[in-house]
Every structure is written in structure tokens, then in C-alpha cells.
Amino acid sequence: MGMGVDSVDASNSCVPPGHPLVRLAVPLPTASRGEPVFLDGDGGRFSENDADRAPLVMYAWGKLIVVREVDVDGGGCEGKKGPSGDASTGGFVYRGHSANVTAAKFNPAGTYVASGDSRGKLRVWAYDHEEHLPKLDVHVLAGPIRDISWDFEGKRIVVVGEGMQSPESAKVIMWDTGNKCGDLAAHARKKGSSCAFRPCRPMRIATGGAEDATVFFHKGPPFQRVVGDGVVSEKCHERGSVYSLRYNKDGSILASVGSDGGVCFYEGKGMGLTKKYEKVHKSSIFSCAWNRAGTHLLTCGADGFVRLLDGTAGEVVQEWDVASAQVGEKAERVPLGAQQLGCTFIKGEIPVAVGLNGQISVLPLPASLGLSSVAESIEKPLILTGHQAPISTMTFGAIGSDAIYTADTDGVIVEWDGATGKAKGRVSNANEDDADLSGKVHGGATVSSLAFANGVLYSAGWDDYIRATTGLSCVGKEKLAAQPSAMTSGTFLACVMTVDGLVLVKDKSIISEMIDLPYTATSVCLSNDDKTLYVGGDDCNIYVYTITSFAQGSNPLAESHVIKGGHLKPVQSLALSPDGLKLAAADVRDVCVYSTADYSTVVSKGRWCFHTQRIGCLSWSPDSTVIASGGNDDNIFLWCPAKKMKRVHYRFAHRGGVAGLSFVGNNASGGGKDWTLVSAGADGCVCWWDVEKDAKEKFGL
């Protein structure tokens, strides 16, 4: 039965627990200029008091909620526990929302998460359950939810956001039933930006306005606005928005920050202003957070700085120039991507911040403050990088290098360490200034394909350029006559497929003119010896070419065979087995296999036909016995030509489709990874799967 966009499907809210996922590289936070990024580093009692659990930070990526395990000491995720107590994979992604997620918070125990989206829907779901089942799913506001806060008992939730045409911009409800337990005051134009629940009795709720620079205070339950008592200070910020409100641990102090660059401290119970510090940052302060002891307040702003304030004296005791740390030298002006939009403490003691470019900075603390032994061990800001946009393609680096390259729809290319699952860094243009620190190699255009040949990474983008990269530096580019859509490589040669034909590339240069074809090419595959090229066409045929001469003006391709009648739809992907004896081809439904000796059919159409959308990637196991296929239907299948009637099915592998898929094989430096499958998808994630047990049991290998 089909499901609507608002239907709840518990099995699709995460990677099913039975799948052999061993490592997960998660995307970076989604960020918009001039808007705060929510970060929650308080994993609750469930995580804070367990030394076997890594420090967590939670944020949103599009419609997904990401819980990232932060590896501060470099020890990796080995030996750590995951959300439900099983082995850690390095992170977790929740996929239960049908609209962009705008806020999420752990409950005090750390067992449940309350999350809200741009349609005003609030979901409360189990973090410590293997299927992460929902407890509550209800619309609470007419517009986007901007902030969420739990009470200290974990029984009540306050949400604030945009009321649109409804009379409410904030609401306080019971966590399990959704029943209201008070009436909260509406801010100007029904727009609220932040909220905070006092973590002790007597209970108090503070809400901040998005346009009226006002903080409203409420007491209860049932909750109602406190007005006219001569103590409450509502109008302490000069202008604009109150971006963040946070109580310290014992509820004695409430802090607020806003677009005026000031920080205000209020008495937690009576809610009167005690201190106000102007221009703590030169521009808007987007977020603040208290440390575990409730003695120091962390703030971040659009000036590229993160500052730590003493909660008693109010003075700045430490500041970090994150913009300069990302640039690598003192920044004369703040790059757009280095504006700091969110901050928090993880494990209550390690400060972290995130910028507009999504990169997360784990910040060191001086030993003189005596706040955190872990943060004191960090010598300089630790920058966590990755993707902020859907991954569009993936390829492996040199043999034995453990290098994996991925690219996304924003033109960002990232190199990963395949052994640890960590991002080494973003590729940058050597001769072009990345003034805004966005890391966009192809000028913000989608990178349609990647290929690695003879020590060079080639990337083709929708800016109609093919670029050559060595290390993390893009050292050359060539203009293409048409938009590229796919690319393949052998040992020394690469072939770019465009909408108008094929182009051959070697040694960082285009070595052929545009090769016109009598059909529209839809997929390409090049043999390891650079001599045979396989091209799938929109006429459902597969064309086999021998690469001959590269003489000026001549066509280097000589057609040697055409595989006809094998497919009913255009061929979308091709893969040659490592031994060169078999060719796998896939369309929008079927996966077929052909012998390269005489091009006879090994597996015909109608046999492996269980994908429901375009099959965009194929990969052979190193021993040429198993084929992996990934499609836009979110599924990964394993097939074996020797056992045609059997298959292994991994559902919901990537939300939005699988963009890249490959067995590790000889890419691993230490060997022993022949049955490790790496996939990348439109959910911005890179996954490592150990498929050895499933493949050998199912196919009898």
C-alpha cells in the first residue's frame, strides 16, 4: 500500500537494524545565511554517564536528523556503543520527517528526542530503541518550529516558531499525549525564535521573539505570561531577534543573545535583568550554550568568533578566531562560510561551533580555566568537514591508498580515509581564490562524475569543465563543448560522456575532439587496459568499441560489436568484472550480465528485476563472483551469476537514492576488505557495509 508524505513508517526512519552497516560518515549541518543552526550536545544521562559512548552532537541536514559521534581523542568508534547499545558506527541518521527539520532536542534522560520541522510538526521518538519508534506525532504550529525545550522531568515540551495565520507562536504540551498545559504569549507578527524551560521548580518558560527583540516569561503549570509585577524585564535587547535563550544547570541564570550583539543575564526565578553586556560580538550573536557546571556561557556570531564568558563576572575569558583557523592564516575579513551560526558543549565540557559552510569546529580550552581535561588536550581547533548537499558521485583513489572521493550537487569534492571513515579535507582550486570558504570546486554546479586514473582525480561538472586534482589541490581544468553526464577510467585513460558525445582525457588534458555518436549515450565503462570501451545507449543497446589511434581529426573509436535486445529500457550503468570476463549492465529495472568473450547472455532481462527505479551504479566483488547494484529506489542488491535465483536485499540504504557503490578490494592498504562495500547517497552519507556473511550464506561461496 502506498504511503502519503505524512505517513509514519517506523522501518524507514533509520537503516534497518538487521543490515550489516559497520561505519557511517554523516553529512554536515544544513545552514542558511542569517539564521541560527541548532546544535544539541547534551546527550542526557543516557550518554553523559557512560564512558563507552562517544560525545554526541545532534543537528539537522535537510529532512534528516544527524547524531554525530565526535572523535576528540582520535581513537575512532571502535569499542564504543551505538544508540541502542550495539556496536557504534560513528553516527546515526533519523529519517522520520517529511519536511526540513528545524529543531531537535534530547530529553533529560537522553532516551527520547523531540524534533520539529518546517511544517510545524513535532515528533517525539525513541533514541535508544533499535527501530527508533515514534511516541508522538502531532502538528503544533502552523509554520516552522524554530526551537524546542524539555522540562527537567522530561514530561513537558515547549516549542516556539512561526504561527502564520494562527494565534499562537509558542505552545507547551505534554510529551506523550500532546495536550496543552498552558497558554503562551504570542510574539510580534506571530514569530518566535527561541525558548527555554527552567530546569527546576518553580517552573518557568522564556520565549524570544524573532522580530520584536522581546523575551516573554511564563510561570506555571498551567503556564501563563507574567506581566506587571515590576520585576520581569522583557525588553532588554535593542533591536531585531532574540536568537537564543538558555538556562544554566541549576536554573539560577537565564542568558539571551540576539542580533544586537549583546548578552543579557536574568535571574532565573524572578526573571529580572541582572547584567547586560553590549557588543560582545561585532555583529549578530546567533547561539549560546552553558557548560555542564553552569558557570561559563559559550557564544558565536557572524564575526567569525566564538567566545566564552564567565557567567558570574560576565567578562570574556577565552575567544577563538574560527574564521582564521579555517583560512589557515589571519583573516582580514570574515569569509561568508566562516560566519558562526551555532554552538554547544558536547559532554557538557567540550565547546563546538558550526559555520555557514557547515564545517564543525571542536575548540580547545586553556588549562588555566580548569574546565575540561579533554578540551585541554586539543592543541588547535579540530575542523570536521564533509558534505552539506546530496552526494552525486563517488570513486576510489589509487590502489592501496584507502582514499575515497565523493562529490555533491554544490560542487564540493571531499577526500575520505577509507580505513577510518574520516574526511581528510575538501578539494580546493589551486589558482582560484575561495573567498567565501564554501569549498565549491565547480563554481557551485553539480559534479556529475568522478574518475581516478594514473594518480589524477578527474571531476566533471555541470559548469561544463573537467578538472584534474592531485592531493587536495585542483591543478588544471579543460572546457568541454557540452554538459558532462558520466565518466569512466582505465589505468591511464579517462572517457567523459556528454550530452553530445564522448571525449577522451589523458595526463590532465583532453586528447580527442568531441566524438559524435548516432545515438544518445547513457552510460560508459572502460577496460583496465584502456583498449575497450563499452557504451550504453538510449536505444537500449550496448556498443563495444576498440580504442585505436589518437591522430588529430580521426575517430579513435572503432565499433567491434553491438549487444542488441538485452534491455527494454536505456542502459543506465555498466561495470566490467575484475577478471575482464563478464560485463554487468543495468537499466531502470533489470540487471543483466554478458560474457565478454562472445557477448552471449549470462543473466538475461526479467531475471534480476527487483529494482523499481533507475539503477545508477554497479560494482563487482574482487573475485568477480558477486555484483552489487544501487538504485534511486534507496535499495542495494547483491547478485551472483552462479546462483541466479537468489539475491541479498538491503532496503532503505540511502534516503533519496544510491549515488555511488564499490567494493573496497585492493583499495585497502592492509588488505582483507574484499567483502567491504562502500556506498554514497543523496542523503549525504557514506556507508561501509560488511556483506561477507550475507553473501556467503546466500550464495554458498
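Residues numbered from 1 in each chain as written. Predicted model: local features only at pLDDT ≥ 70, side-chain atom pairs only at ≥ 80, totals over all residues. Heavy atoms only, no water.

Asker: Help me out: how do you make sense of the overall build of the protein chain in this one?
Answerer: For the protein chain, the helix and strand inventory stands at four helices and 55 strands. Each principal axis of the C-alpha atoms in the protein chain carries an extent, and together these give about 90 × 55 × 45 Å. Expressed as a percentage of the 701 residues in the protein chain, the buried residues total 59%. Long-range contacts, defined as pairs at least 24 residues apart, comprise 51% of the intrachain contacts of the protein chain with a sequence gap of at least 6. (Helix = DSSP H or I, 4+ residues; strand = E, 2+ residues; numbered from the N terminus. Buried < 20%, exposed > 50% of the residue type's maximum accessible area, 1.4 Å probe, protein only. Contact = heavy atoms within 4.5 Å.)

Asker: Would you explain the confidence of the model for the protein chain in this entry?
Answerer: Parts of the prediction with low pLDDT should not have their coordinates interpreted in detail. In the predicted model, the protein chain carries a mean pLDDT of 94, and 98% of its residues have values of at least 70. Counting contacts from residues 1–10, a segment whose pLDDT is below 50, to residues more than four positions away or on other chains yields 14 contacts. (pLDDT = per-residue confidence, 0-100.)

Asker: Would you mind showing me how to read the nonpolar core here?
Answerer: For soluble globular proteins, nonpolar side chains are generally found buried alongside one another. In this structure, L638 and L677 are the most contacted members of the largest nonpolar core, which totals 60 residues. With near-sequence residues (within four places) excluded, L638 lies in contact with V626, I627, A628, R647, V648, Y650, F663, L677, V691, A695 and F699. Core analysis: the next-biggest nonpolar cluster, separate from the first, contains 19 residues, L517, V524, Y543 and I547 among them. (Core = buried A, V, L, I, M, F, W, Y, C linked by side-chain atoms within 4.5 Å.)

Asker: Hey, could you run me through the environment of S509 in this one?
Answerer: Looking at the secondary structure, you find S509 in strand β40 (residues 509–510). Along the chain, S509 and V678 lie 169 residues apart, while their C-alpha atoms are 30 Å from each other. When residues no more than four places from it in sequence are discounted, the contact partners of S509 are E478 and L504.

Asker: Looking at this model, I keep getting lost on the sheet that holds strand β46 (residues 582–586). Mind explaining?
Answerer: Hydrogen bonds between backbone groups are what pair the strands of a sheet, and the pairing can be parallel or antiparallel. Strand order in this open sheet of four strands is β45-β46-β47-β48, and the pairing throughout is antiparallel. On the outer flanks of this sheet lie β45 (573–576) and β48 (601–608), each paired with one strand and no other. Between one strand axis and the next, the sheet turns by 15° as a mean value, whatever way the strands run. Of the pairings in the sheet, the one linking β46 to strand β47 (residues 591–595) comprises five bridges and is antiparallel in character. Note on β47: the bridge partner recorded for A585 is C592. (Pairing = 2+ DSSP bridges. Axes fitted to C-alpha atoms, helices over the stretch in contact; angles between N-to-C directions.)

Asker: It is not clear to me how the packing of aromatic side chains should be interpreted in this structure. Could you clarify?
Answerer: The description of an aromatic ring pair rests on the distance of the ring centres and on the angle between the ring planes. This structure, assessed with the given rule, holds 18 aromatic pairs. Between F637 and W639, the ring centres sit 5.0 Å apart and the planes meet at 20°, which makes this aromatic pair stacked. By relative accessible area, which is 2% here, F637 ends up buried. For W639, a relative accessible area of 0% corresponds to the buried category. Here the aromatic residues F92, Y94, F106, W125 and Y127 are joined through ring pairs into a cluster of three or more. The side chain of R307 reaches across the aromatic face of F305, ending 4.7 Å from its centre. Sitting over the ring of F610, R647 keeps its end group 3.6 Å from the ring centre. (Phe/Tyr/Trp six-rings, centres within 6.5 Å; stacked < 30°, edge-to-face > 60°. Lys NZ or Arg CZ within 6 Å of the ring centre and 35° of its normal.)

Asker: Is there a simple way to explain the sheet that holds strand β23 (residues 316–321) in this structure?
Answerer: Reading across from one edge, β20-β21-β22-β23 is the order of the four strands in this open sheet, with antiparallel pairing throughout. In this open sheet, the two strands that pair with only one neighbour each are β20 (285–290) and β23. In this sheet, adjacent strand axes meet at a mean angle of 20° when their direction is disregarded. Relative to strand β21 (residues 296–301), β20 runs antiparallel, the two sharing five bridges. Residue pairing for β21: A289 is matched across the bridge by L298.

Asker: Even after reading the chapter, I still don't get the side chain of D683, so can you show me in this structure?
Answerer: Secondary-structure assignment places D683 in the loop between β54 (676–681) and β55 (686–690). One buried charged residue, D683, remains without a salt bridge, the closest side chain of opposite sign being R95 at 4.3 Å. A distance of 3.0 Å separates polar atoms of two side chains, one belonging to D683 and the other to H654. Reaching out from D683, the side chain makes a polar contact with the backbone nitrogen of C685 at a distance of 3.2 Å. (Lys, Arg positive; Asp, Glu negative; His and termini not counted. Salt bridge = Lys/Arg side-chain N within 4 Å of Asp/Glu carboxyl O. Polar contact = N/O pair within 3.5 Å; in protein donor to acceptor, adjacent residues only side chain to side chain.)

Asker: Where do I start with the pattern of salt bridges in this structure?
Answerer: Pairing between side chains of opposite charge can happen when their charged atoms approach one another. Overall, the coordinates contain 27 salt bridges when judged by the stated rule. R246 is paired through a salt bridge with D147; the nearest N and O atoms lie 3.2 Å apart. Here R246 is found in strand β16 (residues 242–247), whereas its partner D147 is found in strand β9 (residues 145–150), with 99 residues between them in sequence. The salt bridge partner of E168 is K180, with a shortest N-O separation of 2.9 Å. With E168 in the loop between β10 (156–161) and β11 (170–174) and K180 in the loop between β11 and β12 (192–197), the pair connects residues that are twelve residues apart, well separated along the chain. Look at K180 and you get partly exposed, because its relative accessible area is 41%. Through salt bridges that share partners, D151, E153, R156 and R201 make up one connected network.

Asker: I keep staring at the pairing of β16 and nothing clicks. Help me out?
Answerer: On a regular strand, each side chain points to the face opposite its neighbour's, so the side chains alternate between the two faces of the sheet. Within β16, five of the six residues are buried, which leaves the element mostly enclosed by the surrounding structure. One ladder, built from five bridges, connects β16 with strand β17 (residues 253–258); its direction is antiparallel. Its bridge partner lying in β17, V242 is registered against G258. Between β16 and β17, which follow one another and run antiparallel, lie five residues, and G251 among them has a positive phi close to 75°.

Asker: Whenever I open this one, the pairing of β54 confuses me. Can you help?
Answerer: For β54, a buried count of six out of six residues is recorded, marking the element as mostly surrounded by other parts of the structure. Side-chain alternation along β54 places T676, V678 and A680 on one buried face and L677, S679 and G681 on a second face that is also buried. Bridge count between β54 and β55: five bridges; the pairing is antiparallel. Across the sheet, A680 pairs through a bridge with V686, a residue of β55.

Asker: I would appreciate a short explanation of a positive patch on the surface in the present structure.
Answerer: A cluster of basic residues, K643, K646, R647 and K698, forms a positive patch on the protein surface. In this structure, K643 sits in the loop between β51 (636–639) and β52 (647–650). Residue classification places K643 among the partly exposed residues on the basis of a relative accessible area of 37%. (Patch = residues over 30% accessible without salt bridge, like charges linked within 9 Å, V, L, I, M, F, W, Y side chains within 5 Å. Areas by Shrake-Rupley, 256 points an atom, 1.4 Å probe, with all protein chains shown as cover. Charge placed at Lys NZ, Arg CZ, Asp CG, Glu CD.)

Asker: Is there a simple way to think about the environment of R146 in this case?
Answerer: Relative to the helices and strands, R146 resides in strand β9. With relative accessibility at 30%, the residue R146 sits in the partly exposed group. Separated by 19 residues in the primary sequence, R146 and Q165 have C-alpha atoms spaced 16 Å apart. Contacts of R146, omitting those with residues within four sequence positions, involve E35, T102, A103, V160, G161, E162, G192 and S193. Within the structure, the side chain of R146 is placed 2.8 Å from the side chain of E162, a separation counted as a polar contact.

Asker: I'm lost on the environment of V172 in this one. Help?
Answerer: Summarising the element assignment, V172 is placed in strand β11. Discounting residues that sit within four places of it in the chain, V172 has contacts with R156, I157, V158, N179, K180, C181, G182, L184, F197, I205 and F223.

Asker: Is there a simple way to think about unusual backbone geometry in this case?
Answerer: In most cases, non-glycine residues show a negative phi, while peptide bonds are predominantly trans. Along the chain, G220 connects to P221 via a cis peptide bond; the corresponding omega equals 0°. Within the fold, P221 resides in the loop between β14 (215–219) and β15 (224–225). Look at the link from P221 to P222: it is a cis peptide, with omega at -10°. For P222, the location among the structural elements is in the loop between β14 and β15. For M164, which is not glycine, the phi dihedral falls at a positive 55°.

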